[in-house]
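Spelled out from the first residue to the last, the chains are:
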Amino acid sequence: MAEERQKERQPPDPNSAKYKLGQIAAKAYSDVRDAKARGEKIGWISSNFPVELPETLGIPVCYPENQAAGIAARGGGVRLCDIAEGEGYSNDICAYARISLAYAKIKDAPEQNMPIPDFVLCCNNICNCMIKWYENLAKELNIPMIMLDIPFNPDNEVSDAMTAYIKGQFMDAVHQLEKITGKKWSDERFKEVMANSCRTSQAWLDATSYARYTPNPFNGFDLLNHMAVMVTARGKVEAAEAMETLAREYKENHDTGKSTFNVEEKYRIMFEGIACWPWLRATSTGLKSRGINMVTTIYADAFGFIYDDFDGMIRAYCRVPNAINLEISRDKRVKLCKEDHVEGLLVHVNRSCKLWSGFMNEISRQIGKECGIPVASFDGDQADARNFSEAQYNTRVQALMEIMQTKKEERAKV
């Protein structure tokens, strides 16, 4: 323990991926603040809105979901949820939305401030709650809302008709933003941004793919911190370089037998769902103290967008986890479980995310059956600390561990 504390006190290595990614995440806020101070138009944007659009136009944007997660992780989530509920918003709606709507009212949160927007960019490939959330932001702040409608896709492929429908909206959004900001679209710059986005995404997926090794060369909870850059900055060359550094570090860890999971890895699990940001330490410790490494999660890989051209980019945004059918969702998770030698599945039944949690009971049953692994779930919330019980969490994790241990013993007898 003393050695660990000593390591924590040492100054960060400016050449490390952790340092570079932390700097990029911080700069995402400072760049928007500086632009706002210069009098530029700035926006708020949903996490799965195509980042290539504002990046190409050079429009500074920031992410209410990231802000809400940051506020929640630093202990301010319940305070802002209370403010939103006092305004009449039900505590049944997404805690990210409640925190964001409260912030739009009070315009100050010491845990994570960001400038008030001149417009909002919304995309509903996450959920339809996003539409009402952003509509209310636009109404309360008296600003324009630009919407991309990406319908849920029950089919296995993204049709040409759907691609054309979304492409038309994309170009209309470009024209609206040109009018609002006075900035002009450049096809050449767009190609550069798409190349950066794919390069960043590939490096990120290369890094997460090192989970295929046993022991894993990283603590899976690292991904939950690093993925902030995938949300906010994947169209920037700096993000690509930082993610390539991360992949190299994980390779070096594997080659030298090191890991950022600095205890013995006894069990390997997939974590399903968004992190409980207010309880991140408790959820991480509850696993690590038992030698359980969360080696993979669909939530991290979801922000790796790989495509070849404009149409491919549109199709990539139609394939995010909440916009695809149950069978494809299941198969993506089964693939990760098998490739990464997962021994159990831990499911976060997230009160905030009704869509995700709604289909998870059936999909987790199918994953457990297909992969031959035990499944455990716990109740929680991505940002509202009131909806989580540490005692329940530890009970469920302990039960999952015991079943995984029994299965290990049974395999050893064969």
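Remember, predicted model here, so these are calculated numbers, not experimental data.

S.K.: Please clarify how the side chain of Arg234 should be interpreted in this entry.
M.R.: Position of Arg234 relative to the elements: it lies in the loop between helix H10 (221-232) and helix H11 (237-256). As a buried residue without a salt bridge, Arg234 has its nearest oppositely charged side chain in Glu52, at a separation of 4.8 Å. Excluding its chain neighbours within four sequence positions, the residues that come into contact with Arg234 are Phe49, Val51, Asn196, Ser197, Thr200, Ser201, Val229, Ala239, Phe303, Phe305 and Tyr317.

S.K.: Please explain the nonpolar core as it appears in this structure.
M.R.: Judged by nonpolar contacts, the single largest core of 134 residues is most densely connected at Tyr96 and Leu346. Among the elements that take part in this core, helix H6 (residues 95-106) stands out by supplying eight residues, more than any other. Once you skip the residues sitting within four places of it in the chain, Leu346 turns out to touch Ile269, Met270, Phe271, Glu272, Leu287, Ala376, Phe378, Tyr393, Val397 and Leu400.

S.K.: How do you make sense of the environment of Thr200 when you look at a structure like this?
M.R.: Following the sequence through the fold, Thr200 ends up in helix H9 (residues 187-208). A sequence separation of 103 residues divides Thr200 from Phe303, and the C-alpha atoms of the two residues are 10.0 Å apart. Look past the residues within four positions of Thr200 in its chain and what remains in contact with it is Met230, Arg234, Lys236, Ala239, Ala240 and Met243.

S.K.: Explain the pairing of strand E5 (residues 267-272) to me, please; I cannot follow it from the model alone.
M.R.: Every other side chain in a regular strand lies on the same face of the sheet, so the side chains alternate between the two faces. E5 sits mainly inside the fold: six of its six residues count as buried. Taking every second residue as pointing to the same face, both faces of E5 are buried, with Tyr267, Ile269 and Phe271 on one and Arg268, Met270 and Glu272 on the other. Relative to strand E6 (residues 292-296), E5 is paired through four bridges, and the arrangement is parallel. The partner of Met270 across the bridge, within E6, is Thr296.

S.K.: For this particular structure, what's the right way to read the packing of helix H15 (residues 326-339) against helix H16 (residues 354-371)?
M.R.: When two helices pack together, their arrangement is given by the angle between the helix axes and the distance between those axes. Put simply, H15 and H16 touch, their axes get as near as 9 Å, and they point 50° apart. With respect to each other, H15 and H16 are oriented oblique. Classified by chirality, the crossing of H16 by H15 is right-handed. Residues Leu326, Ser329, Arg330, Arg333, Val334, Cys337 and Lys338 of H15 pack against Trp356, Phe359, Met360, Glu362, Ile363, Gln366, Ile367, Glu370 and Cys371 of H16. Looking at side-chain class alone, the contact of H15 with H16 contains nine nonpolar, two polar and five charged residues.

S.K.: Please explain the environment of Ala240 as it appears in this structure.
M.R.: Mapped onto the elements, Ala240 comes out in helix H11. The buried category is assigned to Ala240, whose relative accessible area is 0%. The spacing of Ala240 and Val229 is eleven residues in sequence and 9.7 Å in space, taken between C-alpha atoms. Not counting residues up to four positions away in its chain, the partners in contact with Ala240 are Asn196, Arg199, Thr200 and Ala203.

S.K.: For this particular structure, what's the right way to read the sheet that holds strand E8 (residues 375-380)?
M.R.: Strand pairing in a sheet relies on backbone hydrogen bonds. The paired strands run either parallel or antiparallel. Sheet architecture is open: four strands sit in the order E6-E5-E7-E8, paired in parallel fashion. Both outer strands of the open sheet, E6 and E8, are each paired with one neighbouring strand and no more. When the angles between neighbouring strand axes are averaged without regard to direction, this sheet yields 35°.

S.K.: Just checking my understanding: could you explain helix H2 (residues 17-37) for this structure?
M.R.: At 3.6 residues per turn, the α-helix brings residues three or four places apart onto the same side. The end-to-end C-alpha distance of H2 is 30 Å, a good match for the 30 Å that 21 residues give at a rise of 1.5 Å each. Lys27 marks the point of greatest bend in H2, at about 30°. Residues of H2 that are buried: Ala17, Leu21, Ile24, Ala28, Tyr29, Val32 and Ala35. Where H2 is buried, its residues touch strand E2 (61-62), helix H4 (64-73), H10 and H11. Phi turns positive one or two residues past the end of H2, at Gly39, with a value near 95°.

Scoring rules and cut-offs
Residues numbered from 1 in each chain as written. Predicted model: local features only at pLDDT ≥ 70, side-chain atom pairs only at ≥ 80, totals over all residues. Heavy atoms only, no water. Helix = DSSP H or I, 4+ residues; strand = E, 2+ residues; numbered from the N terminus. Buried < 20%, exposed > 50% of the residue type's maximum accessible area, 1.4 Å probe, protein only. Lys, Arg positive; Asp, Glu negative; His and termini not counted. Salt bridge = Lys/Arg side-chain N within 4 Å of Asp/Glu carboxyl O. Contact = heavy atoms within 4.5 Å. Core = buried A, V, L, I, M, F, W, Y, C linked by side-chain atoms within 4.5 Å. Pairing = 2+ DSSP bridges. Axes fitted to C-alpha atoms, helices over the stretch in contact; angles between N-to-C directions. Parallel < 35°, antiparallel > 145°, perpendicular 65-115°, else oblique. Left-handed = near helix turned anticlockwise from the far one by under 90°. Nonpolar A, V, L, I, M, F, W, Y, C, P; charged D, E, K, R; others polar. Expected span 1.5 Å × (residues − 1). Bend = angle between axes of the 7 residues up to and from the residue.

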